[in-house]
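Structural description and commentary
What follows is each chain in one-letter form.
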Amino acid sequence: MREFTASQTAARYNIDNSLPVNMHENATHTCEQLEKVRAILGNNPLIITSGWRNPALNKAVGGSASSDHATARAVDIRCPKFGTARTIARVLAASDIEFDQLILESPTLPGAWVHIGFRKGTNRRQVLTKFAGDKTYYAGVK
Ligand SMILES: [Zn+2]
């Protein structure tokens, strides 16, 4: 939970990003799913570059108001000991993990990451790629 709420941007802007009680259920579900993600990625450490975002933090990072980060249902991860973000996206897309959305983000940049969101109940298993400087979301892992 500490990793899920940690944020360099929150620290920089002195934003209290602690998790409200009404988000605990979603956050617990997300973190449970992340344990499965970590197992698939060879039990290597996951780096959560963005997890829970309260409204002030979500605004500060330019996140969409409807972002699943704002409901504790999504995380941005890297796992450099396992591989690149593109490799991670391919492996997770081919796994049986129940994700709602998996987005390979900025794959041409060294800081590329994978956004993954989980819903309780029906998950769409939607796989997308989003390049830096391009607003389009492309289907699949590009
Ligand atoms: Zn994200």
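What you see as residue numbers is a count from 1 along each chain, following the sequence as written. This being a predicted model, a pLDDT of at least 70 is required before a residue's local features are given, and a value of 80 or more before pairs of side-chain atoms are given or counted; all residues contribute to the totals for chains, interfaces and linings. To get the side-chain values, all heavy atoms of the structure are used, and hydrogens and water are removed first.

By the naming in an unreviewed UniProt entry, the protein chain is Peptidase M15, taken from Iodobacter violaceini.

**Looking at the overall build of the protein chain**
So the rule is basically this: We count a stretch as a helix when DSSP gives it H or I for four or more residues in a row; a strand needs E for two or more, and each element gets its number in order from the N terminus. The globule rule is 2.2 Å times the number of residues to the power 0.38, and the radius of gyration it is compared with is taken over C-alpha atoms. When accessible area is computed with a 1.4 Å probe and restricted to protein chains, residues below 20% of their type maximum are described as buried, those above 50% as exposed, and intermediate ones as partly exposed.
Across its full length, the protein chain carries five helices and six strands. Along the protein chain, from the amino end to the carboxyl end, the secondary structure elements read α-α-α-β-α-β-α-β-β-β-β. Computed over C-alpha atoms, the radius of gyration of the protein chain comes to 14 Å, within 12% of the 14 Å expected from 2.2 N^0.38 for 142 residues, which places it in the range of a compact globule. Considering only C-alpha atoms, the protein chain reaches an extent of 35 × 30 × 30 Å along its principal axes. Every one of the 142 residues in the protein chain was classed for burial, and the buried ones make up 44%.

**Let's talk about the nonpolar core**
Keep this limit in mind: To form a nonpolar core, buried Ala, Val, Leu, Ile, Met, Phe, Trp, Tyr and Cys residues must be joined to one another through side-chain atoms within 4.5 Å. The contact rule is simple, with two residues in contact once any of their heavy atoms fall within 4.5 Å.
Counting 29 residues, the largest nonpolar core has Leu34, Val37, Ile77 and Ile116 as the members making the most contacts within it. Mapped onto this core, the elements with two or more residues apiece are helix H3 (24-40), strand E2 (74-78), helix H5 (85-94), strand E3 (101-105) and strand E4 (113-117). Contact partners of Ile77, with chain neighbours within four places excluded, come to Leu34, Val37, Leu46, Ile47, Ile48, Thr49, Leu92, Trp113 and Val114.

**Points about the side chain of Asn54**
Which entries qualify depends on this criterion: Pairs of N or O atoms are called polar contacts if they sit within 3.5 Å, as long as, within protein, a hydrogen donor faces a hydrogen acceptor (for residues adjacent in sequence, only side-chain-to-side-chain pairs).
Here Asn54 lies in the loop between strand E1 (47-50) and helix H4 (55-60). Residue class for Asn54 comes out buried when judged on its relative accessible area of 11%. Of note is the side chain of Asn54, whose polar atom sits 2.7 Å from the backbone oxygen of Asp16. With residues up to four places along the chain from it excluded, the contact list for Asn54 reads Ile15, Asp16 and Asn17.

**Remarks on the environment of Asp134**
If you trace the backbone, Asp134 turns up in the loop between strand E5 (126-130) and strand E6 (137-139). Given a relative accessible area of 23%, Asp134 falls into the partly exposed group. On a C-alpha basis, the gap between Asp134 and Phe82 in space is 27 Å, while along the polypeptide they are 52 residues apart. Only 2.9 Å separates the side chain of Asp134 from the backbone nitrogen of Thr136, close enough to count as a polar contact.

**Things to note about the coordination of the zinc ion**
Let me state the cut-off plainly: Donor atoms (N, O, S) are those found within 2.8 Å of the metal centre, with the cutoff raised to 3.2 Å for Na, K and Ca; water is not part of the atom list, so apparent gaps in a site can occur.
Bound to the zinc ion on the protein side are His69 (NE2), Asp76 (OD) and His115 (ND1), at distances that span 2.0 to 2.1 Å. Given a relative accessible area of 8%, His115 falls into the buried group.

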